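Chain and residue survey
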Amino acid sequence: MAILPILCYPDPRLHKVAAPVQTVDARIQALVADMLATMYDANGIGLAATQVDVHERVVVIDVSEERDQPMVVINPEIVWASPEKQLGDEGCLSVPGIYDGVERSVAVHVRALDAQGQERVIEAEGLLAVCLQHEMDHLRGKVFVDYLSQLKQGRIKTKLLKQQREVARD
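The notes below deal with the structure included here. (Residues numbered from 1 in each chain as written. Predicted model: local features only at pLDDT ≥ 70, side-chain atom pairs only at ≥ 80, totals over all residues. Heavy atoms only, no water.)

Quick notes on the overall build of the protein
- Looking only at helices and strands, the protein features three helices and seven strands.
- Helices and strands appear in the protein in the N-to-C order α-β-β-β-β-β-β-β-α-α.
- Computed over C-alpha atoms, the radius of gyration of the protein comes to 16 Å, within 12% of the 15 Å expected from 2.2 N^0.38 for 170 residues, which places it in the range of a compact globule.
- Structurally, the protein occupies a C-alpha span of about 45 × 40 × 30 Å along its principal axes.
- Taking all 170 residues of the protein together, 44% fall into the buried category.
- Split by element, the accessible area of the protein, about 9,000 Å² in all, is 51% carbon and sulfur.
- Here the protein carries 18 positive and 25 negative side-chain charges, and the mean point of each set is 10 Å from the other. (Helix = DSSP H or I, 4+ residues; strand = E, 2+ residues; numbered from the N terminus. Rg over C-alpha atoms; globule rule 2.2 N^0.38 Å. Buried < 20%, exposed > 50% of the residue type's maximum accessible area, 1.4 Å probe, protein only. Areas by Shrake-Rupley, 256 points an atom, 1.4 Å probe, with all protein chains shown as cover. Lys, Arg positive; Asp, Glu negative; His and termini not counted. Charge placed at Lys NZ, Arg CZ, Asp CG, Glu CD.)

Structure (structure tokens):
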């Protein structure tokens, strides 16, 4: 397992739309293992393949307190979303140090393949529902910052570009 580099906003590769996985094979399983290692190393609760510059519909999630219940979601699609929405603060491994409010469905049902290529339906609510929606946005080339006002987007972009320049100088 390798720790993969995570793309940082406003990298344009974060806006690429991911292609469906054709076959869950050894290559995809190795990607999943690397993504889980990367997510745990970065103290995240979710990671989409897009964030590690692999543009295929693969997501890993672990919202458990003990960080020992990894979930693999391949080719996910929302088949039902609750009409009830909730505004909650979100952060992102690709937007380090930034948190802001995003409105999401309180519950979702997601059809996807697991790490063995078996189809399943995940019935999620609370943090898991938010995380699934957030990571699936990445697969569509959308970052949570895209939900914010143009003014906030501009401020976040300026702040992160400045941080990236400072890191590059060091």
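Observations regarding the sheet that holds strand β1 (residues 46–48)
- Within the open sheet, the five strands sit side by side as β1-β2-β3-β6-β7. Their pairing is antiparallel. Two strands lie at the open edges of the sheet, namely β1 and β7 (119–125), each paired on one side alone. Adjacent strand axes in the sheet meet at a mean angle of 40° when their direction is disregarded.
- Its contacts with the sheet place helix α1 (residues 26–41) against β1, β2 (58–61) and β3 (71–81), and it is angled at close to 40° to β2.
- Across the sheet, helix α2 (residues 126–139) lies against β1, β2, β3, β6 (107–113) and β7, angled at about 120° from β7, the strand it touches most. (Pairing = 2+ DSSP bridges. Axes fitted to C-alpha atoms, helices over the stretch in contact; angles between N-to-C directions. Contact = heavy atoms within 4.5 Å.)

Some details on the nonpolar core
- Within the largest apolar cluster, 17 residues are counted, with the highest numbers of intra-cluster contacts made by I61, V73, V110, I122, A124, L128 and L132.
- Elements supplying a minimum of two residues to this core: β2, β3, β6, β7 and α2.
- If one sorts the elements of this core by residue count, α2 sits on top with six residues.
- Among the nonpolar cores identified, the runner-up in size contains 16 residues, and M35, L36, L47 and V58 belong to it. (Core = buried A, V, L, I, M, F, W, Y, C linked by side-chain atoms within 4.5 Å.)

As for the environment of H15
- Mapped onto the elements, H15 comes out in the segment before α1.
- For the pair H15 and G141, spaced 126 residues apart in sequence, the C-alpha to C-alpha distance is 3.7 Å.
- Each residue touching H15, except ones within four places of it in the same chain, is listed here: Y9, G141, V143 and D146.

Side note on the environment of D34
- Tracing the backbone shows D34 in helix α1.
- Each C-alpha atom of the pair D34 and L132 lies 19 Å from the other, and the pair is 98 residues apart in sequence.
- With near-sequence residues (within four places) excluded, D34 lies in contact with M1, A2 and L4.

Quick word on the side chain of D11
- Inspection of the secondary structure assignment puts D11 in the segment before α1.
- The exposure class assigned to D11 is buried, which follows from its relative accessible area of 17%.
- Within the local environment of D11, its side chain forms a polar contact with the side chain of R13, the two groups lying 2.6 Å apart. (Polar contact = N/O pair within 3.5 Å; in protein donor to acceptor, adjacent residues only side chain to side chain.)

Details of the packing of aromatic side chains
- What the rule picks out here adds up to zero aromatic pairs.
- For K142, the ring lying beneath its charged end belongs to Y147, and the centroid distance is 4.2 Å. (Phe/Tyr/Trp six-rings, centres within 6.5 Å; stacked < 30°, edge-to-face > 60°. Lys NZ or Arg CZ within 6 Å of the ring centre and 35° of its normal.)

Regarding unusual backbone geometry
- Look at the link from Y9 to P10: it is a cis peptide, with omega at 10°.
- Structurally, the position occupied by P10 is in the segment before α1.
- Located in the positive-phi region is N43, a residue other than glycine, with phi close to 60°.
- Tracing the sequence through the fold places N43 in the loop between α1 and β1.
- Judged by its relative accessible area of 68%, N43 falls in the exposed class.
- One non-glycine residue, R67, lies in positive phi territory at about 60°.
- Here R67 is to be found in the loop between β2 and β3.

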